[in-house]
Amino acid sequence: SPSWEFSKNDFRVIWTPRWTTNQTLGGSNFFRYKDFLPSYADSHPDMDLLFRPHPMAFDNFIRTGQMTKDEVAAYVAGCDNRENTALDREKSYDSTFWQSSVLLTDVSAIIVEYFVTGKPIIFCETENRTSTYLDSFESILSACYIARNTEDIDRYLSQLKAGDDPLAPKRQAVITRLFGTDPTQAPYRIREDLLQDHSL
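Residues numbered from 1 in each chain as written. Predicted model: local features only at pLDDT ≥ 70, side-chain atom pairs only at ≥ 80, totals over all residues. Heavy atoms only, no water.

### Observations concerning the overall build of the protein
The secondary structure content of the protein amounts to 10 helices and six strands. Compactness check: the protein gives a C-alpha radius of gyration of 18 Å against a globular reference of 16 Å for 200 residues, within 12% of the reference. Its C-alpha atoms give the protein principal-axis dimensions of about 60 × 40 × 30 Å. Out of the 200 residues in the protein, the part that is buried amounts to 46%. Restricting to contacts in the protein with at least 6 residues of sequence separation, those with at least 24 account for 66%. Entry remark: accessible area of the protein is about 10800 Å², with carbon and sulfur atoms responsible for 52%. Across the protein, the centroid of the 21 positively charged side chains sits 2 Å from that of the 29 negatively charged ones. (Helix = DSSP H or I, 4+ residues; strand = E, 2+ residues; numbered from the N terminus. Rg over C-alpha atoms; globule rule 2.2 N^0.38 Å. Buried < 20%, exposed > 50% of the residue type's maximum accessible area, 1.4 Å probe, protein only. Contact = heavy atoms within 4.5 Å. Areas by Shrake-Rupley, 256 points an atom, 1.4 Å probe, with all protein chains shown as cover. Lys, Arg positive; Asp, Glu negative; His and termini not counted. Charge placed at Lys NZ, Arg CZ, Asp CG, Glu CD.)

### Overview of the side chain of Ser 101
Within the secondary structure, Ser 101 sits in the loop between α5 (94-98) and β4 (102-105). The exposure class of Ser 101 is buried, given its relative accessible area of 18%. Excluding its chain neighbours within four sequence positions, the residues that come into contact with Ser 101 are Asp 10, Phe 11, Arg 12, Tyr 114, Lys 119 and Pro 120.

### Section: the layout of surface pockets
If you add up the space inside the largest pocket, you get close to 430 Å³. Arg 52, Pro 53, His 54, Pro 55 and Asp 88 are, among the 21 residues lining the largest pocket, the residues nearest its centre. In terms of residue class, the lining of the largest pocket is built from 10 nonpolar, four polar and seven charged. (1 Å grid on protein atoms, 1.4 Å probe; cavity = no way out; pocket = protein on both sides within 12 Å on 5 of 7 lines; lining within 4 Å. Points joined across faces, edges and corners; volume = space filled by probe spheres on them. Nonpolar A, V, L, I, M, F, W, Y, C, P; charged D, E, K, R; others polar.)

### A few points about the pairing of strand β1 (residues 11-16)
Successive residues of a regular strand alternate their side chains across the two faces of the sheet. Burial of β1 is extensive: six of the six residues sit out of reach of the surface. Of the two faces of β1, the one lined by Phe 11, Val 13 and Trp 15 and the one lined by Arg 12, Ile 14 and Thr 16 are each fully buried. As paired elements, β1 and strand β2 (residues 47-51) share five bridges and run parallel to each other. The residue bridging Phe 11 from the neighbouring strand is Met 47, located in β2. (Pairing = 2+ DSSP bridges.)

### Observations concerning empty space enclosed by the protein
For the coordinates displayed, the defined rule picks out two cavities of 30 Å³ or more. Within this model, the largest cavity holds a volume of roughly 50 Å³. Residue assignment for the lining of the largest cavity shows that the elements contributing at least two residues are α2 (36-43), β2, α4 (69-81) and β3 (85-87). Along the lines of polarity and charge, the residues of the lining of the largest cavity split into eight nonpolar, one polar and one charged. Here the second largest cavity is characterised by a volume of approximately 40 Å³. Surrounding the second largest cavity, Gly 26, Gly 27, Asn 29, Asp 106, Val 107, Phe 123, Cys 124, Glu 125, Thr 126, Arg 129 and Tyr 133 form its lining.

### Concerning the sheet that holds β1
An order of β3-β2-β1-β4-β5-β6 is seen for the six strands of this open sheet, with the pairing classed as parallel. For this open sheet the edge positions go to β3 and β6 (145-147), each flanked by a neighbour on one side alone. Each strand axis lies, on average, 20 degrees off the axis of its neighbour in the sheet, ignoring direction. Bridge count between β1 and β4: four bridges; the pairing is parallel. What sits directly across from Trp 15, in β4, is Leu 104. (Axes fitted to C-alpha atoms, helices over the stretch in contact; angles between N-to-C directions.)

Next comes the structure, spelled out in structure tokens:
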């Protein structure tokens with residue numbers, strides 16, 4: 001993955017904040033953690049942080065007045081100028097996911113895709129959540145690390161970097177229950193379900 005060309009460490013974190021702070025649309029934790037995470041990377045040179053904002057994030061923050069163009073440019077430069085952080089500009093993210101260690105994320109559809117890799121996810125809760133989740137997504141979250149503040153993120157990243165991943169067995173069990181023993185067979189399982197439904 002070209003996204004990790006800057007990386008010199010084995011422990012690699014992808015951060016994917018949501019594009020909007022509107023709680024009815026899921027909410028974003030970008031402004032809660034935008035200063036903390038670069039600072040965390042500065043104090044942990046033995047890990048790498050790849051910042052992958054939603055493509056609409058910065059444009060939306062400028063439109064809503066939450067950031068200026070100069071502030072966005074300065075933030076992006078700050079990501080790019082550190083030894084162990086970078087802004088992900090690649091359109092494709094599948095190989096980037098596979099070459100990472102952990103996903104740090106707000107609510108997003110990519111959680112399901114990343115979950116199937118079996119790698120750990122730190123899910124950042126918003127402060128005033130208004131949305132409800134499907135049962136299948138709740139099952140996924142039950143096998144994720146739930147972070148409510150910077151202290152939680154710090155603790156989980158340190159724990160996972162040390163190789164301590166107590167949710168790994170539960171994660172695998174949920175993957176098997178939701179996607180089968182071989183997730184690559186999902187298209188064929190969907191086809192069989194459709195054929196079975198049609199025959200009824």
